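Residue-level listing of the chains:
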Amino acid sequence: MKEIKAFIRKEKLNEVAKHLKENQFSCFTVFEGEGVGDYIDPETEFPSLNFPFLHHKVVKIEMVIEKEKVDKILDILTKHAQTGKRGDGLIYVSNIDFSVRIKTGEHNNGSHVAQ
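Novice: Would you take a moment to explain the overall build of the protein for this structure?
Specialist: When helices and strands are counted, the protein shows 2 helices and 5 strands. In the protein, the order of α-helices and β-strands from amino to carboxyl end is β-α-β-β-β-α-β. When burial is assessed residue by residue, the protein has 31% of its 115 residues classed as buried. Looking at the protein alone, contacts between residues at least 24 apart form 66% of all its contacts between residues at least 6 apart. Just so you have it, the protein exposes about 8,000 Å², and 52% of that area is on carbon and sulfur atoms.

Right, here's the structure in full:
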């Protein structure tokens, strides 16, 4: 299993989500945040009421998927989150050793957690 974390422009979320769902990738989590760094797009930066520096709004999409599906997800994200400007975002892909379903204690490999 792989975990994908994509930090994209807030205004690109609807387009990205639409294309993920059209390709049967409907299980993902979205977080809203504020990005800070040298990559900031000067056209969209604004002073924050919460933080005393310039930044821009971003969303983070997180999903855990099978290794074989990573390339398709990356294609969707890079195609539909891109504007061609600085600050379009970043994508990280990490390994997931296993997962545990909270309700049942079941691991992703079918074994059961000791109660």
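Following the structure, the description resumes.
Novice: What is the right way to look at the side chain of lysine 12 in this model?
Specialist: As for its placement among the helices and strands, lysine 12 is situated in the loop between β1 (2-9) and α1 (13-22). The buried category is assigned to lysine 12, whose relative accessible area is 14%. When residues no more than four places from it in sequence are discounted, the contact partners of lysine 12 are His80, Ala81, Gln82 and Thr83.

Novice: Looking at this model, I keep getting lost on the environment of glutamate 66. Mind explaining?
Specialist: With respect to the element layout, glutamate 66 can be found in the loop between β4 (54-65) and α2 (70-80). On the basis of relative accessibility, which here comes to 33%, the residue glutamate 66 falls in the partly exposed class. It is 4.7 Å that separates the C-alpha atoms of glutamate 66 and methionine 1, two residues lying 65 residues apart in sequence.

Novice: Which parts of the structure should I look at to understand the pattern of salt bridges?
Specialist: Between side chains of opposite charge, a pair can form as their charged atoms come close. By the definition in use, this model includes 6 salt bridges. Glutamate 11 is paired through a salt bridge with arginine 9; the nearest N and O atoms lie 3.7 Å apart. Residue classification places arginine 9 among the buried positions, given a relative accessible area of 3%. The closest approach of N and O atoms between glutamate 62 and lysine 60, which form a salt bridge, is 2.7 Å. Each of the two residues, glutamate 62 as well as lysine 60, counts as buried. One salt-bridge network, in which partners are shared between bridges, spans Arg9, Glu11 and Asp88.

Novice: Even after reading the chapter, I still don't get the nonpolar core, so can you show me in this structure?
Specialist: General note: in soluble globular proteins, nonpolar side chains tend to be found buried as a group. Grouped together as the largest cluster of nonpolar side chains are 18 residues, with contacts concentrated most on Ile8, Val16, Leu20, Ile61, Met63, Ile73 and Leu77. Contributing elements (two or more residues each) for this core: β1, α1, β4 and α2. Apart from residues no more than four positions distant in its own chain, methionine 63 is found in contact with Lys2, Glu3, Ile4, Phe25, Cys27, Phe28 and Ile73.

About the thresholds
Residues numbered from 1 in each chain as written. Predicted model: local features only at pLDDT ≥ 70, side-chain atom pairs only at ≥ 80, totals over all residues. Heavy atoms only, no water. Helix = DSSP H or I, 4+ residues; strand = E, 2+ residues; numbered from the N terminus. Buried < 20%, exposed > 50% of the residue type's maximum accessible area, 1.4 Å probe, protein only. Contact = heavy atoms within 4.5 Å. Areas by Shrake-Rupley, 256 points an atom, 1.4 Å probe, with all protein chains shown as cover. Salt bridge = Lys/Arg side-chain N within 4 Å of Asp/Glu carboxyl O. Core = buried A, V, L, I, M, F, W, Y, C linked by side-chain atoms within 4.5 Å.

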